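Topology and contacts: notes
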Amino acid sequence: ALLPILRYPDPRLHTIAQPVGSVDDEIRQLVADMAETMYEAPGVGLAATQVNVHKRVVVIDVSEDKTGLMALINPEILERSGEQECEEGCLSVPGIYEKVTRAERVKVRALNEKGESREIEAEGLLAVCIQHEIDHLDGKVFVEYLSSLKLSRIKSKLAKKARITA
Ligand SMILES: O=C(O)C[C@@H](Cc1ccccc1)C(=O)SCC(=O)c1ccccc1
Ligand SMILES: [Zn+2]
């Protein structure tokens, strides 16, 4: 089912997500609903925090043809290296695209949908996406890395948009 995505600056986006105890059918249904929601947006990633479920679950698909879906449960970054600047967007901050500097490569450990522990080495967009999504689980939104001037302009732009649509 499609899940509603929280919009910045909703305070619930600053919630710290809790680790998943056991990867059961409920978690697998959440992954399926998050994937459907991500593809529909469209996006290349989605964190459970963004759909107001405060569990450490992330879905990512950076493939061109929607064949690369991965679920990362209780993801942990084991190693970071290098540095890269990437223009980022966020499904919780629609219409805002800004450059963010993140690690170029990451080594991540996470459980998959079967509950098996896997280690992934990622670079490029996949590395950026993994870091962007894990930030969401830690209650961080990418616009908060920007200057306070840029953030205040973004907030007023979003507030104006919210008034017009309301
Ligand atoms: O809000 C989110 O977490 C999703 C976000 C993730 C993201 C990762 C890395 C760089 C930017 C954004 C998005 O998917 S925003 C939409 C987007 O980047 C995109 C959408 C369709 C095709 C390709 C990219
Ligand atoms: Zn985001």
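Read on for a plain summary of the structure. Note that the structure is predicted; figures quoted are calculated from it, not measured.

Overview of the side chain of asparagine 74
Within the secondary structure layout, asparagine 74 lies in strand β3 (residues 70–81). Judged by its relative accessible area of 17%, asparagine 74 falls in the buried class. A distance of 2.7 Å separates a polar atom in the side chain of asparagine 74 from the backbone nitrogen of valine 20. Those residues in contact with asparagine 74 that sit more than four places away from it in its chain are Pro19, Val20, Arg56, Arg109, Ala110 and Leu111.

A few points about unusual backbone geometry
Of the consecutive residues tyrosine 8 and proline 9, the connecting peptide bond is found in the cis state with omega at 5°. Looking at the secondary structure, you find proline 9 in the segment before α1 (25–40). Residue proline 42 follows alanine 41 across a cis peptide bond; omega there is -10°. Among the structural elements, proline 42 can be located in the loop between α1 and β1 (45–47). We note that asparagine 52 has phi near 60°; this positive angle belongs to a residue other than glycine. For asparagine 52, the position within the fold is in the loop between β1 and β2 (57–60). Of note, the phi angle at asparagine 74 is positive, near 50°, even though the residue is not glycine.

Focus: the site of ligand 1
Looking at ligand 1, there are 15 residues lining it, with Val44, Gly45, Gln50, Leu91 and Glu133 nearest. Between an oxygen atom of ligand 1 and a main-chain N or O atom of valine 44, the distance comes to 2.7 Å. A distance of 2.7 Å separates an oxygen atom of ligand 1 from a polar atom in the side chain of glutamate 133. Taking 540 Å² as the accessible area of ligand 1 by itself, protein coverage stands at 78%. When grouped by side-chain class, the residues that make up the shell around ligand 1 number seven nonpolar, six polar and two charged.

Criteria and thresholds
- Residues numbered from 1 in each chain as written.
- Chains lettered and ligands numbered in written order.
- Predicted model: local features only at pLDDT ≥ 70, side-chain atom pairs only at ≥ 80, totals over all residues.
- Heavy atoms only, no water.
- Helix = DSSP H or I, 4+ residues; strand = E, 2+ residues; numbered from the N terminus.
- Buried < 20%, exposed > 50% of the residue type's maximum accessible area, 1.4 Å probe, protein only.
- Polar contact = N/O pair within 3.5 Å; in protein donor to acceptor, adjacent residues only side chain to side chain.
- Contact = heavy atoms within 4.5 Å.
- Near = heavy atom within 4 Å.
- Areas by Shrake-Rupley, 256 points an atom, 1.4 Å probe, with all protein chains shown as cover.
- Nonpolar A, V, L, I, M, F, W, Y, C, P; charged D, E, K, R; others polar.

Read these as layout, nothing more, since geometry by itself doesn't imply function.
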